[in-house]
Amino acid sequence: MSDSPPSPLLALRGIGKSFFGVRVLEGVDLDVRPGEVHAVVGENGAGKSTLMKVVSGVYAPDEGTVEFAGTRRSFHGPRDAQRAGIGIVHQEFNLLPERTVAENVYLGHEPVRRGLVDRKAMLSRTAGLLDSIGESSLPPDARVGQLGVARRQVVEIVKALALDARLLIMDEPTAALADHEVEQLYALVRRLQERGIGVLYVSH
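Residues numbered from 1 in each chain as written. Predicted model: local features only at pLDDT ≥ 70, side-chain atom pairs only at ≥ 80, totals over all residues. Heavy atoms only, no water.

## Topic: the nonpolar core
No. 1: If you look at the biggest cluster of nonpolar residues, it comprises 34 residues, and the most contacted ones within it are Val101, Val105, Ile133, Ile157 and Leu168.
No. 2: Of all elements in the fold, only helix H3 (101-105), helix H4 (119-132), helix H5 (149-162), strand S9 (167-171), helix H6 (179-194) and strand S10 (198-203) reach the threshold of two or more residues within this core.
No. 3: Ranked by residue count, the leading element in this core is H5, at eight residues.
No. 4: Setting aside residues up to four positions removed in sequence, Val105 forms contacts with Thr126, Leu129, Val155, Val158, Lys159 and Ala162.
No. 5: By size, the runner-up hydrophobic cluster in this structure holds 23 residues, among which are Leu10, Val66, Ala84 and Ile169. (Core = buried A, V, L, I, M, F, W, Y, C linked by side-chain atoms within 4.5 Å. Buried < 20%, exposed > 50% of the residue type's maximum accessible area, 1.4 Å probe, protein only. Helix = DSSP H or I, 4+ residues; strand = E, 2+ residues; numbered from the N terminus. Contact = heavy atoms within 4.5 Å.)

## Points about the environment of Pro140
No. 1: Its location among the elements puts Pro140 in the loop between H4 and H5.
No. 2: On the basis of relative accessible area, Pro140 is assigned to the buried category, the value being 16%.
No. 3: C-alpha separation for the pair Pro140 and Ala127, spaced 13 residues apart in sequence, amounts to 5.9 Å.
No. 4: For Pro140, the contacting residues outside a window of four places in its chain are Thr100, Val101, Ala102, Leu123, Thr126, Ala127 and Leu130.

## Observations regarding the side chain of Lys17
No. 1: On the secondary structure map, Lys17 appears in strand S1 (residues 10-19).
No. 2: Lys17 sits in the buried class, given a relative accessible area of 10%.
No. 3: A polar contact is formed between the side chain of Lys17 and the backbone oxygen of Ala60, at a distance of 2.8 Å.
No. 4: In this structure, Lys17 is in contact with Val22, Arg23, Val24, Leu25, Thr50, Tyr59, Ala60, Pro61, Asp62 and Glu63, ignoring residues within four places of it in sequence. (Polar contact = N/O pair within 3.5 Å; in protein donor to acceptor, adjacent residues only side chain to side chain.)

## Remarks on the environment of Leu25
No. 1: Along the chain, the position of Leu25 falls in strand S2 (residues 22-32).
No. 2: For the pair formed by Leu25 and Asp62, sequence separation is 37 residues and the distance between their alpha carbons is 9.4 Å.
No. 3: Sequence-distant contacts of Leu25, defined by excluding residues within four places in its chain, comprise Ile15, Gly16, Lys17, Gly47, Thr50, Leu51 and Val54.

## Observations regarding H5
No. 1: Here H5 spans 20 Å end to end across 14 residues, near enough to the 20 Å set by a 1.5 Å rise per residue.
No. 2: For H5, a buried count of eleven out of 14 residues is recorded, marking the element as mostly surrounded by other parts of the structure.
No. 3: All buried positions along H5 are accounted for by Ala150, Gln153, Val154, Val155, Glu156, Ile157, Val158, Lys159, Ala160, Leu161 and Ala162. (Expected span 1.5 Å × (residues − 1).)

## Quick look at the layout of surface pockets
No. 1: One number sums up the size of the largest pocket: a volume of about 820 Å³.
No. 2: If you go around the largest pocket, you meet 30 residues; those closest to its centre are Gln82, Ile88, His90, Asn94 and Lys159.
No. 3: Where the lining of the largest pocket is concerned, the elements lending two or more residues are helix H1 (48-55), helix H2 (78-84), strand S6 (86-89), H3, H5 and S9.
No. 4: Of the residues that constitute the lining of the largest pocket, the class distribution is 14 nonpolar, ten polar and six charged. (1 Å grid on protein atoms, 1.4 Å probe; cavity = no way out; pocket = protein on both sides within 12 Å on 5 of 7 lines; lining within 4 Å. Points joined across faces, edges and corners; volume = space filled by probe spheres on them. Nonpolar A, V, L, I, M, F, W, Y, C, P; charged D, E, K, R; others polar.)

## Regarding the packing of H5 against H6
No. 1: Orientation of H5 relative to H6, taken along the N-to-C sense of each, is 15°, at an axis distance of 11 Å. On the basis of their axis angle, the class for H5 and H6 is roughly parallel. Both H5 and H6 take part in a crossing whose hand is right-handed. Side by side, H5 and H6 meet where Ala150, Gln153, Val154, Ile157 and Leu161 of the first sit next to Glu181, Leu185, Leu188 and Leu192 of the second. (Axes fitted to C-alpha atoms, helices over the stretch in contact; angles between N-to-C directions. Parallel < 35°, antiparallel > 145°, perpendicular 65-115°, else oblique. Left-handed = near helix turned anticlockwise from the far one by under 90°.)

## Regarding unusual backbone geometry
No. 1: Phi at Phe20 takes a positive value of approximately 50°, unusual for a residue other than glycine.
No. 2: With respect to the helices and strands, the residue Phe20 is situated in the loop between S1 and S2.
No. 3: At Asp164, a position not held by glycine, the phi torsion is positive, near 65°.
No. 4: Its location among the elements puts Asp164 in the loop between H5 and S9.
No. 5: What makes Asp164 exposed here is its relative accessible area of 58%.

Right under this line is the structure:
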């Protein structure tokens, strides 16, 4: 007999959301288990972004329930969802170009030693995270402003992993990538799967 599948990391049940009387989401059910990748596909206006904003704590659902890691949740904003283990990589990156990869990854939660930012630890931890997803060729001390789009996307993913993300939402991740970069992204998503990270992949 085969083992039963793992419990869902994310479980949405009966999610509904309206704005000014217009129904955007109705009766949405979704399970994402550790290491699963789910494509969320549809035209503009189909409700993809609204659903992702419910998952990531931007919106509270009008109806239905959100369970994450076996616990029913009512997120009080994106930071609350982030602390629970839900990361999001936006189409428009939220990076500081004049800072290094490591400084962006640990922005706001820098390792501290004797009251000062421990830059050596920050570089080492970032290098470890990059290596864990097969991106060891990206130097943690590189300036983000000197990186191309594909590598900036890697920095955003590592930012989420540095906050112990267990579910990663990727919003239109291929929109600005060249064909060979898209293949690299797919390989990276497979490596995230191998780490047991669930992925919600939003696309048209």
